[in-house]
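Take a look at the letters that make up each chain.
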Amino acid sequence: MLKNLLLIAIAGLCLSRSYRNLYAQSVPEPCPRPLPGSTVGEPEDLRSRNGVLKVEFTIHNSKQSDGSTRYCYIDANGRESPTLRVNPGDLVILTLKNALTNLGPGGVTTGHEHVHGDYEKNENSCPSGQMSPTSTNMHFHGLTIPPVCHQDDVLKTSIQPGDPPFEYRFHIPGNQPPGLYWYHPHLHGLTKQQILGGASGALIVEGIERADRALAGLPERVLIIRDQDLLNPNAPPSKSEPVLPKMLFDRDGDAANTGTGFGKPAKDISINFVPVPYPDYPPASIGMKPDEQQLWRVVNASEITYLNLELLIGHTPQPLGLVALDGVPLNENGMAGDFVDWQAHLGVPPGARVEFIAKAPPAGVSGLLVTRTVDTGAGGENDPNRAIATITTSKDAPEPRSQLAVSPKPLPPSELPWLGSVVPVRTRRLYFSEKLLEPNNPNSATEFYITVEGQTPAQFDPKSGVPNIIAKQGTVEDWIIENRSNELHAFHIHQLHFMLLDYRRKTVNEPFLRDTVNVPYYDGKALEYPSVRLRMDFRDANTVGDFVYHCHLLEHEDGGMMGLIRVEP
Ligand SMILES: [Cu+2]
């Protein structure tokens, strides 16, 4: 594999010289994208001023000649998916104009006809939920802001083409941990299509160096890894790959897990929109100064692709200095000191974020950012080994646009007791499961469920409004999430972070928080289903209201793997 990746790296270097900064289309394209092999650009930064960040977004789409559809957020100055940079306490005023067009058969499909058309007309107020294939809305993933209209409601907010710009207006909480969050559409049944098409961007709460002085003064680089339909779906695997058994498809119609680390992936991936397509994976290109350290802030904005990031020099993995997960510094609770967790590789499920110190190779040496294969289970997608970007060094390499403060003022300690020391008021059990509509036909449609133990498995119904779980604000609960299916799922809940207590029944008691966690698949043989045990934090008053928890593999979420929680004051 390593030899293959090196060959890929060399091929990619040649490509990047000839195609750098060119775009795939010469006619105006609402969602322009770089060609494979391009230099990895930085998203533009939109920074708050005097405590306010004003953003005017329009969401566009465009049909491609290969039948796929791009989606993009464009701001008032024509910038695609800019990074929103805010400070705790800031006011965000973001308007979203829907310029989506129905691109006809194959352009937009949802497979969820039952949610269309039978709602009241949306007059730019939330209680409508009117839906068509061109409806959209936004979710601010990881922020503890209220789940209400014009803030972070995804249940009723549905913006139609022709509606006036819809206003989101919320305050970044003063105690929001400094780190990497992200924004994306979240309309049940349409989420996969819009995110797969590229509608996503980063949101940074500034001040991560205040939680970890090891970061003081480092240049920072935002890297958004997305997935997309294969650019070359019919290509045979690269000649340098081993010969594999016949291609199989999983229930989602994607390339099934080969269990080998090779073969056709379910989706292509891109890094800051530079695609790295199957079968040759020509890597994108990142320039750094020799031996320099940068903070890399990586969102896995994929619809379904798991990442397992590794930085190679030659055949040797380089240590990656993990400092934050899911927007929360590892020592945000102040217990760990200026902590850097050096790892050989970092697993990142869809929806999750990792922030780590990356060291550039020495002068004259290049490196390669790769994702190693992820075993997603017999029913999962194929996520093979593949290159993402070459790291080339030169003393003239331009620095990233942003640099962390050189002498940061330390963050004040949290006002709340550490979540791990709070006694939970109850324990709930939930489980992920799947059902074939025709049990004897492996190609029939699959229903996806997340079920509270004792309730009947049912696909999420956006019209129901009946919560699956009722919790009390001010309390803390333990949730055990089981996986009864033969593929991975990624548990995510809106509005709050949780602590991972147990993973596969082993105590881990992580001294930091997450908002998305992988739940291992069931192999069909073990006596018990694999599970994770989480401590859920409902203490913040901003968690009051109705919101959702779901699998962050968006085909699964759109297919019903979502539940409703009501937190009562
Ligand atoms: Cu799932």
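Residues numbered from 1 in each chain as written. Predicted model: local features only at pLDDT ≥ 70, side-chain atom pairs only at ≥ 80, totals over all residues. Heavy atoms only, no water.

1. Some points on the overall build of the protein
Per the secondary structure count, the protein includes four helices and 36 strands. Buried residues in the protein amount to 60% of all 569 residues. Of all intrachain contacts in the protein linking residues separated by at least 6 positions in sequence, the fraction that spans at least 24 positions is 77%. About 21,900 Å² of surface is accessible on the protein, with carbon and sulfur atoms providing 53% of the total. (Helix = DSSP H or I, 4+ residues; strand = E, 2+ residues; numbered from the N terminus. Buried < 20%, exposed > 50% of the residue type's maximum accessible area, 1.4 Å probe, protein only. Contact = heavy atoms within 4.5 Å. Areas by Shrake-Rupley, 256 points an atom, 1.4 Å probe, with all protein chains shown as cover.)

2. Observations concerning the coordination of the copper ion
At 2.0 Å from the copper ion lie its protein donor atoms, namely H489 (ND1), C551 (SG) and H556 (ND1). Here the donor residues of the copper ion are spaced in sequence according to H-x61-C-x4-H. You can see H489 sitting in strand β29 (residues 489–493) and its partner C551 sitting in strand β35 (residues 545–551), a full 62 residues away along the chain. C551 shares its class with H489; the two are buried. (Donors = N, O, S within 2.8 Å, 3.2 Å for Na, K, Ca; no water.)

3. Examining the environment of P82
Inspection of the secondary structure puts P82 in the loop between β3 (69–75) and β4 (83–86). Through-space distance from the C-alpha of P82 to that of E44 is 4.7 Å; in sequence the pair is 38 residues apart. When neighbours within four sequence positions are excluded, P82 is seen to be in contact with E44, L46, F57, D75, Y183 and A202.

4. Points about the confidence of the model for the protein
With 90% of its residues at a pLDDT of 70 or more, the protein has an overall mean of 90. Per-residue pLDDT stays below 50 along residues 1–25; that stretch engages in 46 contacts with residues further than four places along the chain or on separate chains. Predicted confidence is poor over residues 106–124, with pLDDT under 50, and the contacts of this stretch with residues over four places away or in other chains come to 48 contacts. (pLDDT = per-residue confidence, 0-100.)

5. A short note on empty space enclosed by the protein
Gaps left between atoms show up when a probe the size of a water molecule is rolled over them. Taken as a whole and judged by the stated rule, the model has three cavities of 30 Å³ or more. As a volume, the second largest cavity reaches approximately 40 Å³. In terms of lining residues, the second largest cavity is bounded by E42, P43, D45, T83, R85, V222 and R401. Per-class residue counts for the lining of the second largest cavity are two nonpolar, one polar and four charged. (1 Å grid on protein atoms, 1.4 Å probe; cavity = no way out; pocket = protein on both sides within 12 Å on 5 of 7 lines; lining within 4 Å. Points joined across faces, edges and corners; volume = space filled by probe spheres on them. Nonpolar A, V, L, I, M, F, W, Y, C, P; charged D, E, K, R; others polar.)

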